Amino acid sequence: MLIIGEKLNSSIPSVRQLINDKDAPAIQDLALRQVAAGADYLDLNTAQGDEVVNMEWLVRIVQEVTDKPLCIDSTSAAAIKKALETVKGDKSNVLINSISLEKKRIDEVLPLVLEYKCPVVGLTLDDNGIPKTAEERMVLSERLVEILTKNNYDLANLYIDPLVLPQAVSHNNATMFFQCLTDIKRILKVKIVSGLSNISFNSPKRKIVNRHFLTLCMAFDMDAAILDPLDRKIMTSVITNDFLLGKDRFGKKFLKAFRSELLED
Amino acid sequence: MLTDALSIAIAELEEQQVADLIKERLDSGVSPLEIVNSLQQGMAEAGGKFETGEYFLGELIMCGEIMQDSMVILEPLLSGSNAEYKGNIVMGTVKGDIHDLGKNIVVMLLKGSGYNVIDLGVDVSKEKFIEAIKESKAPLVGMSVLLTGCQESMKEIIEGIRAAGLTTKVLIGGNYIDQVVKDYVGADYSAQAATDGVKIADEIFA
């Protein structure tokens, strides 16, 4: 499964502080530690603060130390545009997080996705908000696929995020999410990504809930997750699940992780 | 310590890298046999890591598969480059034992080294060994065994081969095989590591 490292996010107070202080060494350290832990993408979010200016800085200093592809996490077309302009190397590697069926995002962010031919996260959300049922989310997913197809977009680059809602709010939220996973993958044959942690909102022992939710999602063939790769227990779950799900030939990665002492009981 | 990039790649199970390097070397005119030698060295390294407990079974098997996939490309070229085989070798796991992992690795290495291997499979009877040796006139027969309970069976097969008047050299191999077992069953050579098998064959066919 593809791992998008979530640490460089301005909604984390300590990281927001580092961004505001322009503490390049600390940010670069956080980037490199996520890469070492197995992140395939590094998520960058500067929404809390002077977004466009901070995004330009963040992209630049992260790319000084690693060429891991970046995931630009913003609702602002201006911030995404600035990030794309700043990125060195292959800009078509940048994962744009995200578009949705909201008119503003379609009008402003989608053109950037098409221009740079980037992979993109598509949220099942429109101007009426987040739908309550799996069926309605399927409808939104179909609409998004239709719009992208019309624009000759390569659907292999699309990651739909069916938006997890807290299990504390409705005890059917996780199963509804699994339903979305199954239907979207079967009918539309596109990839699925999730941020996971919303599932445990307002529950105790959130990490346990997140980890088990991740395992279940992987059993439903989820393609990518936005998570904290520095959390050894969740990475242990990812690596072990890939092994058990037959996605790790001969357990090569599992055994390598064992020898590198990355696996935690 | 391995220094050859291809040996390192196969020892580290870097499948794609192995495929790329083989193609690159063939394109630049390196002899297929030399490429096989590099692969063998890497495989021996992986085997060594398995013996010391650093590698696990999955990794040993994966290494064998990479070797096998590589041989699919290299084998036809090999027979072209040294038009004749170095000789015939009969191989099999002895009657009563059905383990073939070790045997298959040795077969693969021997083939890679340019021998024509007649692989009789597992649970092979005295009669089958004798028939194959007679037919191929192989100067060497390799017997594999994993189960300690099959020592008697191996002894019986070797006695049968001798009783049939065949002077073929007998090499026995397996995890618990040592000098004592070799003497007891009446074999000529014994090997514990797959790569020893190749060394012994080279000695006999030299």
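Remember, predicted model here, so these are calculated numbers, not experimental data.

1. Looking at the overall build of chain A
Phase 1: When helices and strands are counted, chain A shows eleven helices and eight strands.
Phase 2: Rg of the C-alpha trace for chain A: 18 Å, near the compact-globule value of 18 Å for 265 residues, within the 12% margin.
Phase 3: Reported as C-alpha extents along the three principal axes, the dimensions of chain A are approximately 50 × 40 × 35 Å.
Phase 4: Relative to its 265 residues, chain A shows a buried fraction of 51%.
Phase 5: As displayed, chain A has an accessible area near 12,300 Å², and 54% of this comes from carbon and sulfur atoms.
Phase 6: Counting 34 positive and 36 negative side-chain charges, chain A places the centres of these two groups 3 Å from one another.

2. Describing the side chain of Ser70 of chain B
All names here are of chain B.
Phase 1: Here Ser70 shows up in helix α4 (residues 57-81).
Phase 2: Residue Ser70 is classed as buried on the basis of its relative accessible area of 4%.
Phase 3: If sequence neighbours within four positions are ignored, Ser70 has contacts with Val18, Ile22 and Leu39.

3. Here's the deal with helix α9 (residues 206-219) of chain A
All names here are of chain A.
Phase 1: With 14 residues, α9 extends 20 Å between its outermost C-alpha atoms, agreeing within 8% with the 20 Å of an ideal straight helix rising 1.5 Å per residue.
Phase 2: Among all positions of α9, only Asn210, Arg211, Phe213, Leu214, Cys217 and Met218 are buried. One side of α9 carries all its buried residues, which in axial view fall inside an arc of 165 degrees.
Phase 3: On the buried face of α9, the contacting elements are α8 (173-188), β8 (224-227) and α10 (232-244).

4. Looking at the packing of α9 of chain A against α10 of chain A
Residue and element names in this part refer to chain A.
Phase 1: Taken N-terminus to C-terminus, the directions of α9 and α10 make an angle of 20 degrees; their axes are 10 Å apart at the nearest point. As the angle between them shows, α9 and α10 are arranged roughly parallel. The element α9 and its partner α10 pack so that their crossing is right-handed. Across the interface between the two elements, Arg211, Leu214, Thr215 and Met218 of α9 pack against Lys233, Ile234, Ser237, Val238, Asn241 and Asp242 of α10.
Phase 2: A per-class count over the contact of α9 with α10 returns four nonpolar, three polar and three charged.

5. Here's the deal with the sheet that holds strand β2 (residues 116-119) of chain B
Residues and elements named next belong to chain B.
Phase 1: The five strands are arranged β2-β1-β3-β4-β5 in an open sheet whose pairing can be described as parallel. In this open sheet, the two edge strands, each paired with only one partner strand, are β2 and β5 (189-191). Mean inter-strand twist for the sheet, computed between neighbouring axes without regard to direction, equals 25 degrees.
Phase 2: The pairing of strand β1 (residues 88-93) with strand β3 (residues 140-144) spans five bridges and is parallel. Among the inter-strand pairings, Thr93 is bridged to a residue of β3, identified as Ser144.
Phase 3: The strands touched by helix α6 (residues 126-136) within the sheet are β1, β2 and β3, with β1 carrying the most contacts at an inclination of about 170 degrees.

Conventions we followed
Residues numbered from 1 in each chain as written. Chains lettered and ligands numbered in written order. Predicted model: local features only at pLDDT ≥ 70, side-chain atom pairs only at ≥ 80, totals over all residues. Heavy atoms only, no water. Helix = DSSP H or I, 4+ residues; strand = E, 2+ residues; numbered from the N terminus. Rg over C-alpha atoms; globule rule 2.2 N^0.38 Å. Buried < 20%, exposed > 50% of the residue type's maximum accessible area, 1.4 Å probe, protein only. Areas by Shrake-Rupley, 256 points an atom, 1.4 Å probe, with all protein chains shown as cover. Lys, Arg positive; Asp, Glu negative; His and termini not counted. Charge placed at Lys NZ, Arg CZ, Asp CG, Glu CD. Contact = heavy atoms within 4.5 Å. Expected span 1.5 Å × (residues − 1). Arc of directions from axis to C-beta. Axes fitted to C-alpha atoms, helices over the stretch in contact; angles between N-to-C directions. Parallel < 35°, antiparallel > 145°, perpendicular 65-115°, else oblique. Left-handed = near helix turned anticlockwise from the far one by under 90°. Nonpolar A, V, L, I, M, F, W, Y, C, P; charged D, E, K, R; others polar. Pairing = 2+ DSSP bridges.

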